[in-house]
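# What the coordinates show
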Amino acid sequence: MLNKADEACEILKKHLKQGNIVRLISHNDADGLSAAGVVANTITQEGGQYHLTIIPRLKESFIQKLARDKYQLFFFCDMGSAYVEAISRIKGEVIIADHHQPSDFEVPEKITHVNPHLFGVDGSKEVSASGVAYLCMRGMEKQSLAGLALAGAFGDMQYYDGFIGPNKLILEEGLEAGSVEIHQDLKIASKAEEPIYKSLAYTFQPILPGITGDVEGSMAFLEKMGLSYGIKFADLGNEERDILKEELVRLNPEIFGDVYSNPHERPSLKNIEDLSRVLDACGKNKKYGLGMGICLGEKSDALEVALDLQRKYRENLVKGLDWIKREGSMVLENIQYLYTEDKLRKSVLGTISSIALSMETLDPEKPLLALARMDNMVKISGRTTREMISRGVDLGKSLDDASKSFGGTGGGHDIAAGAMIPYKEMDNFLSLVDEITSYQLEE
Ligand code: C5P
Ligand code: C5P
Ligand code: C5P
């Protein structure tokens, strides 16, 4: 994979030398934005230019439009691997830096396809698109972008008791270059930014029972310890921090551990996981320019605007979680599902599904499909747990198969997948996923 990434680097260098504008296309989530950030920062450092578009999903019609464009180099991040056939109709040279399952289509010479799955590396656990982009750019790196690359890995939930595979290599290079530091600390959200009761309530990873997603629970917890909840964690005294640490560790020992930071970043973005959550909020709210401004380190008011957006987004997460707590899910034999037509809930559906399973608000042993009506279609986000994967569940496969049976599209990872199907097929689709899941569990 590293050799393939070097090839991509040489191709980019060649085009920049020729003064060509790079046509860059990436995904709208934290990983896609970080990946685009890694490439865009590198091009800028080289004095080159790019034309960037961030999109939620690659569609054949968009590729057809690109095929008519006159750029010499097209660079796809976090997408493209499943669309090699359509992309091969593009006239210029193409780099694909993706980590999703690739299609079987034979890759023509003008496409440099960098994807971990083609090299026996698991793209859902060992490297995300920002990492693949980092590996492609590393031959021309002037300033280490490892911190940004790891933000994408955090965004795609690839941190699990540490980083493995290429993510680990990126971490090691970042540590050496000084763009990443690790220290032992409390792993709570937005410590430098938010009053402590919010930091605790917005800590979804790991879960703090009675506190995660519960602002009042969080305040009560702090009051019980005699800590003032209105100040930031960063402003607590040493003794107060010790008390807090002891109580939090009692609730969940995983709350204390390795914290990853980029010392060169602005205070509220130093923590790499925090950076990934800010990018996530920008992506989910379709503020792609804002997200890119953060990745490019722009010295405008982008950061303040993004943090404000994140505050609203987190309030929506909590409201969405309250909705799940209140209403529960509809339960079938092997799976469960949520359904909504509410605009705000739709925008956080995948995330609150993940969180509701990890908080055990919903039964973690039943894979969860969250359905959102979009006119005459239904958008589905599927989430399950590592435990269920080990028992045979593969949502990427079941959603792919079931959606195709009803004239829809779908796919993704074993643990997190999605689909789009006609609304009138919703009940049939749910029954089929239920049935496929039962087979997966029997095998
Ligand atoms: O965007 P796909 O394009 O790769 O998005 C992956 C999604 O799967 C992200 O929302 C990520 O958080 C989710 N995921 C998860 N748990 C994992 C791995 C990925 O919820 N273990
Ligand atoms: O939306 P997605 O499936 O990517 O969310 C995956 C996980 O990311 C959630 O389970 C949660 O742990 C974490 N997350 C978070 N804060 C956010 C968004 C997501 O901790 N603002
Ligand atoms: O939209 P959501 O975050 O739930 O998507 C989870 C995963 O499923 C992502 O990796 C996404 O790329 C994938 N997906 C897909 N095809 C779809 C919808 C989602 O491959 N139609």
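Before any of the text, the structure's been laid out above.
The paragraphs below set out a description of the structure included in this document. Numbers given for residues are sequential positions, taken from 1 along each chain in its written order. Here chains are named by letter from A upward and ligands by number from 1 upward, in the order in which they appear as written. Where local features are concerned, this predicted model is filtered to residues with pLDDT of at least 70; where side-chain atom pairs are given and counted, the filter is 80 or more; whole-chain, interface and lining totals use all residues. Calculation of side-chain values draws on the structure's entire complement of heavy atoms; hydrogens and water are dropped beforehand.

## Some words on the overall build of the protein
Operational definition: Put simply, DSSP H or I for four residues or longer makes a helix, DSSP E for two residues or longer makes a strand, and each gets a number counted from the N terminus. Every radius of gyration here is taken over C-alpha atoms, with the globule rule written as 2.2 Å times N^0.38, N being the number of residues. Exposure is judged per residue with a 1.4 Å probe applied to protein chains only, and the accessible area is read against the type maximum: over 50% gives exposed, under 20% gives buried, and values in between give partly exposed. Contact between two residues is taken to exist if any of their heavy atoms lie within 4.5 Å; hydrogens are not considered. Note on areas: these come from Shrake-Rupley sampling with a 1.4 Å probe, and a residue is covered only by the protein chains present in the view. Neither His nor the chain ends contribute to the count of charged residues, in which Lys and Arg are positive and Asp and Glu negative. Charge placement uses NZ in Lys and CZ in Arg. For Asp and Glu, CG and CD serve respectively.
Along the backbone of the protein there are 18 helices and 13 strands. Taking 443 residues into account, the globule formula puts the C-alpha radius of gyration at 22 Å, and the protein, at 22 Å, falls close to it. Each principal axis of the C-alpha distribution contributes one length, and for the protein these read about 65 × 50 × 35 Å. Every one of the 443 residues in the protein was classed for burial, and the buried ones make up 53%. Within the protein, contacts between residues separated by at least 24 positions form 63% of all contacts whose residues are at least 6 apart in sequence. For the protein, the computed accessible surface area is about 19600 Å², with 48% contributed by carbon and sulfur atoms. The distance from the centre of the 50 positive side-chain charges to the centre of the 67 negative ones in the protein is 6 Å.

## Some details on the environment of G328
Along the chain, G328 falls in the loop between α13 (302-327) and β8 (330-331). Separated by 33 residues in sequence, G328 and T361 have C-alpha atoms that sit 8.0 Å apart. Once residues lying within four places of it in the same chain are set aside, the contact partners of G328 are W323, L338 and L362.

## Things to note about the pattern of salt bridges
Filter applied, for reference: Any Lys or Arg side-chain nitrogen located within 4 Å of an Asp or Glu carboxyl oxygen qualifies as a salt bridge.
Applying the stated criterion across every chain, the model contains 20 salt bridges. The partner of E60 in a salt bridge is R89, with the nearest N and O atoms 3.9 Å apart. Of this pair, E60 sits in helix α3 (residues 60-67) while R89 sits in the loop between α4 (84-87) and β4 (93-97), and the two are 29 residues apart along the sequence. The partner of E194 in a salt bridge is R311, and the shortest N-O contact between them spans 2.8 Å. Separated by 117 residues along the polypeptide, E194 in the loop between β6 (181-186) and α8 (196-201) and R311 in helix α13 bring together distant segments of the chain. Here E194 falls in the buried class, since its relative accessible area comes to 5%. One salt-bridge network, held together by shared partners, links E193, E194, D308 and R311.

## Let's talk about the packing of aromatic side chains
The geometry of an aromatic ring pair is captured by two quantities: the separation of the ring centres and the angle between the planes. We apply this condition: Only Phe, Tyr and Trp rings are paired, with Trp represented by its six-membered ring, and only when their centres lie within 6.5 Å; those with planes under 30 degrees apart are stacked, over 60 edge-to-face, the remainder tilted. Counting as a charge over the ring demands two things of the Lys NZ or Arg CZ atom: a distance within 6 Å of the ring centre and an angle within 35 degrees of the ring normal.
Under the definition given, this model contains eight aromatic pairs. Ring centres 5.4 Å apart and planes at 70° place the aromatic pair Y159 and Y260 in the edge-to-face group. On the criterion of sequence distance, the pair formed by Y159 in the loop between α6 (146-155) and α7 (166-177) and Y260 in strand β7 (residues 256-261) is long-range, its members being 101 residues apart. For Y159, a relative accessible area of 18% puts it in the buried group. Connected via pairs of aromatic rings, a cluster forms that spans F154, Y159, F163 and Y260. Above the plane of the ring of F256 lies K245, whose end atom (NZ or CZ) is 4.0 Å from the centre. Against the face of Y160 rests R386, its NZ or CZ located 3.7 Å from the ring centre.

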